[in-house]
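A look at the structure
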Amino acid sequence: MKRIFFFVLAALLAVTLFMGMVHAVLVVAHLSEPAATTVPGTTPARLWATTAAGLALFSVVIGGLAARRSNVRIGIGSGRRGAILALAAGLIAMVNAGLILAVANGGPGTGNGVVGAAGAFVLGLIAMAIGGVVLVRQQRRQP
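In this text the structure is predicted, and so the values were computed from the model without any measurement.

1. Thoughts on the environment of Leu-57
- Along the chain, the position of Leu-57 falls in helix H2 (residues 44-71).
- Since its relative accessible area comes to 48%, Leu-57 is described here as partly exposed.
- When the C-alpha atoms of Leu-57 and Ala-93 are compared, they prove to be 9.1 Å apart, with 36 residues separating the residues in sequence.

Next comes the structure, spelled out in structure tokens:
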């Protein structure tokens, strides 16, 4: 029972930290004020932001798998390719998110995709950090 409580508490902490970082990205980009009128439905900018967020989430998953593989000493591969893929995909997601935030002219609800772009920026940053840690760990193990 204590273990389940710990995992639920850790998940809530992670979600809270993620949302705080997304809000911080929106504040830094001066796009944190909600729109007076909202645009319903899918817009091209929202679709672009969703694609960037999907790529960033994919890179976090690949980075996590590479980190797990680098911890296992027995088996095929060391996780280096996954770490490099996580770094590259995270960087691409972060660049796309930065472009979306740069061209946006309104906050959440305007159809500019700023919330998805901020999420993609944070996830891309996390993926690059995971990939970098795995690569550094690989370098330390090499004789």
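This is not the end of the story, as more comes after the structure.
2. Some thoughts on the packing of helix H3 (residues 80-103) against helix H4 (residues 114-141)
- In the contact formed by H3 and H4, the axes pass within 7 Å of each other and the chain directions differ by 155°. Viewed along their axes, H3 and H4 adopt a mutual orientation that is roughly antiparallel. Handedness of the H3/H4 crossing: left-handed.
- Among the residues forming the contact of H3 with H4, the class breakdown is 19 nonpolar, 6 polar and 1 charged.

3. Quick look at helix H1 (residues 2-28)
- Given a rise of 1.5 Å per residue, 27 residues ought to cover 39 Å, and the 39 Å separating the end C-alpha atoms of H1 matches this to within 8%.
- For H1, every residue scored as buried is listed here: Val-22, Val-25 and Leu-26.
- Next to the buried residues of H1 lie H3 and H4.
- At the C-terminal side of H1, His-30 shows a positive phi close to 60°.

4. Re the confidence of the model for the protein chain
- Considering every residue of the protein chain, the mean pLDDT works out to 86; 93% of them sit at 70 or more.
- Ranking the elements of the protein chain by mean pLDDT puts H1 last with 87 and H3 first with 92.

5. Some details on unusual backbone geometry
- The residue His-30 is not glycine, and still its phi comes out positive at about 60°.
- Within the secondary structure, His-30 sits in the loop between H1 and H2.

6. Let's talk about the packing of H1 against H4
- The N-to-C vectors of H1 and H4 enclose an angle of 115°; their axes lie 9 Å apart at closest approach. In this structure, H1 crosses over H4, and the sense of that crossing is right-handed. The residues of H4 that touch H1, namely those facing Phe-18, Met-21, Val-22, Val-25 and Leu-26, are Val-114, Val-115, Ala-118, Gly-119, Phe-121, Val-122 and Leu-123.

7. Let's talk about the nonpolar core
- Counting residues in hydrophobic clusters, the biggest one holds 20 residues, and the most contacted among them are Leu-26, Leu-31, Leu-101, Val-114 and Ala-117.
- Within the residue set of this core, elements represented by two or more residues are H1, H2, H3 and H4.
- It is H4 that contributes the most residues to this core, 7 residues altogether.
- With sequence-adjacent residues up to four places away left out, Val-114 is seen in contact with Leu-26, Leu-31, Leu-101, Ala-104, Gly-106, Gly-107 and Pro-108.
- Ranked by size, the runner-up nonpolar core spans 5 residues in total, among them Ala-67, Ala-83, Val-134 and Leu-135.

Definitions and limits used
Residues numbered from 1 in each chain as written. Predicted model: local features only at pLDDT ≥ 70, side-chain atom pairs only at ≥ 80, totals over all residues. Heavy atoms only, no water. Helix = DSSP H or I, 4+ residues; strand = E, 2+ residues; numbered from the N terminus. Buried < 20%, exposed > 50% of the residue type's maximum accessible area, 1.4 Å probe, protein only. Axes fitted to C-alpha atoms, helices over the stretch in contact; angles between N-to-C directions. Parallel < 35°, antiparallel > 145°, perpendicular 65-115°, else oblique. Left-handed = near helix turned anticlockwise from the far one by under 90°. Nonpolar A, V, L, I, M, F, W, Y, C, P; charged D, E, K, R; others polar. Expected span 1.5 Å × (residues − 1). Contact = heavy atoms within 4.5 Å. pLDDT = per-residue confidence, 0-100. Core = buried A, V, L, I, M, F, W, Y, C linked by side-chain atoms within 4.5 Å.

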